[in-house]
Amino acid sequence: MSPPESTTGTYNTIHQEEFSYAFIGAIATAAGYTVKLATRSEDIAGADLTIAAPGITGKVTRSPVCDAQVKCTTDSGILKETHIHYPLQVHNYNRLIANTFKPQLLIIVVIPKNLPDWLQSTETKTTLQRCAYWISLRGHPPSNNNEKITIRIPRSQILTPKSLQDIMQRIADAEDL
């Protein structure tokens, strides 16, 4: 049976969205953390999910949390030599630059174009394709653009269990991301 397709002939963005949440959930779980999908009002405010690190103790706080706005794309054209260039809606950008109580991340999950390539599973391993990149935009300047702003994320900022542990420790220590 073929996967469902949207009317444009591409896989429905809902599938991409759900896969990106599962992708991040797998990373967070491997780091020892939890992920909670946003409520409707949190989603409207710009948070797709919350990552919590129960039991982590830092210089300033214990059990840090952060919100994340998640975008998923099959566009490998955003992958440049040293950065990814992601066109983000200005209204999303403006939410992410705010100095909020809870730190916010933008996570871009890049996946293959073909749905069957997103995940491979055998008796000995399961592999999720391709990669997630993260950035904190807190403190960036407001944009004068009308629709989109290109976000540049260093390709070294790959979301992995280790990088997520480092992020959460920095949040617990009240350090900038």
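The structure this text deals with has already been given above.
On a predicted model such as this, the values are computed, not experimentally measured, just so you know.

Enquirer: Could you give an account of the packing of aromatic side chains, naming the residues involved and the relevant values?
Expert: Enumeration over the complete set of coordinates arrives at two aromatic pairs. Judged by centre distance (5.2 Å) and plane angle (45°), the ring pair of F19 and W118 falls under tilted. Of this pair, F19 sits in helix α1 (residues 13-31) while W118 is found in the loop between β5 (104-110) and β6 (119-121), placing the two residues 99 residues apart along the sequence. Like W118, F19 is buried. Taken together through their ring pairs, the aromatic side chains of F19, F23 and W118 make up a single cluster.

Enquirer: Tell me about the nonpolar core, and name the residues and values.
Expert: Grouped together as the largest cluster of nonpolar side chains are 28 residues, with contacts concentrated most on I51, I107, V109, L159, L164 and M168. Per-element tally for this core: the top contributor is α1, with seven residues. Those residues in contact with L164, other than ones at most four positions away along the chain, are I27, A28, A31, Y33, I51 and L159. The next biggest cluster of nonpolar side chains, apart from the first, holds 18 residues, and it includes I84, I97, L106 and Y133.

Enquirer: Describe in detail the sheet that holds strand β1 (residues 34-37), supporting the description with residues and values.
Expert: Strand order across the open sheet formed by five strands is β1-β2-β3-β5-β8, with mixed pairing between neighbours. Because the sheet does not close on itself, it has two edges, and the strands there are β1 and β8 (131-135). Between one strand and the next, the sheet's axes are offset by a mean angle of 30°, whatever the strand orientation. Note: strand β2 (residues 49-52) against strand β3 (residues 65-73), four bridges, orientation antiparallel. Paired with I51 across the strands is C66, a residue of β3. With respect to the sheet, α1 is in contact with β1, β2, β3, β5 and β8, its orientation differing from that of β3 by roughly 135°. Strands in contact with helix α4 (residues 161-172) are β2, β3, β5 and β8; relative to β3, the strand with the most contacts, it is inclined by about 145°.

Enquirer: Can you explain the side chain of T74? Please cite residues and give values.
Expert: Looking at the secondary structure, you find T74 in the loop between β3 and β4 (83-89). Look at T74 and you get buried, because its relative accessible area is 19%.

Enquirer: How would you explain α1 if you had to name every residue and give the values?
Expert: Over its 19 residues, α1 runs 27 Å from end to end, which matches the ideal 27 Å to within 8%, given 1.5 Å per residue. Considered for burial, the residues of α1 that qualify are Q16, F19, S20, Y21, F23, I24, G25, I27, A28 and A31.

What counts and how
Residues numbered from 1 in each chain as written. Predicted model: local features only at pLDDT ≥ 70, side-chain atom pairs only at ≥ 80, totals over all residues. Heavy atoms only, no water. Phe/Tyr/Trp six-rings, centres within 6.5 Å; stacked < 30°, edge-to-face > 60°. Helix = DSSP H or I, 4+ residues; strand = E, 2+ residues; numbered from the N terminus. Buried < 20%, exposed > 50% of the residue type's maximum accessible area, 1.4 Å probe, protein only. Core = buried A, V, L, I, M, F, W, Y, C linked by side-chain atoms within 4.5 Å. Contact = heavy atoms within 4.5 Å. Pairing = 2+ DSSP bridges. Axes fitted to C-alpha atoms, helices over the stretch in contact; angles between N-to-C directions. Expected span 1.5 Å × (residues − 1).

All quantities given are derived from atomic positions and should not be read as evidence of function.
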